[in-house]
Amino acid sequence: MPTDPPAPFSERMRAFPYFVNSLAPGLRAFWVHCTDRVRIDEFMRDDLIRLGPNESVPPASPDSPTPRAVVLNTEGVLLGAIEQSEAAPRALDAMNPNPQTIRPDMTQRLAAKLLRSNPYLIVTTEKGKYRGRYVVS
């Protein structure tokens, strides 16, 4: 059966920190604690409307924040974000299923880098539970 060629060594080394962060969250938490860095959870707001997947999306004013709402399951896990300002019968049909997320212990430098290619950042835990949205200070 055909397979993809192995990734070059440089690509594997670039991905290594992400692999360690996912594989050993305890090690990551220890490192964040020891470095005493400023984290983005200090610049986070929990001010978005929370909707279930089958709830209707109300119309929004033009000055509402982007995204205007988040779609969560019953456990509070992020399913998507509502970006449009029009009403919709179901949040599941109107949501962006792949919004850019970031963890609360990430740095502002990483957040700024992600904001160059994304209009907003949603803060979630490593298990996907919604915490808020990152607000540029």
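Predicted model, so just to flag it, every value in this text is computed and none were measured. (Residues numbered from 1 in each chain as written. Predicted model: local features only at pLDDT ≥ 70, side-chain atom pairs only at ≥ 80, totals over all residues. Heavy atoms only, no water.)

Structural notes on the sheet that holds strand β4 (residues 78-82)
Rules: A pair of strands is labelled paired if DSSP reports no fewer than 2 bridges between them. Under the scheme used here, helices are H or I runs from DSSP no shorter than 4 residues and strands are E runs no shorter than 2 residues, and both carry numbers assigned from the N terminus. Here, axes are lines fitted to C-alpha atoms. For helices the fit covers the stretch in contact, and angles between N-to-C directions go from 0 to 180 degrees.
Strand order in this open sheet of 3 strands is β2-β3-β4, and the pairing throughout is mixed. The sheet terminates laterally at β2 (49-51) and β4, the two strands that pair on one side only. Looking at each pair of strands side by side, their axes are set apart by 30° on average, direction ignored. Two strands pair when backbone bridges link them, and strand β3 (residues 69-72) and β4 are joined in this way by 4 bridges, in the antiparallel orientation. Considered in β4, the bridge of Val71 is made with Gly80.

With respect to the sheet that holds strand β1 (residues 44-45)
What the 4 strands build is an open sheet, ordered β1-β7-β6-β5; its pairing is mixed. On the outer flanks of this sheet lie β1 and β5 (101-102), each paired with one strand and no other. Summarising the sheet, strand β6 (residues 122-124) and strand β7 (residues 130-134) pair through 3 bridges and their orientation is antiparallel. Bridge assignment links Ile122 to a residue of β7, and that residue is Arg133.

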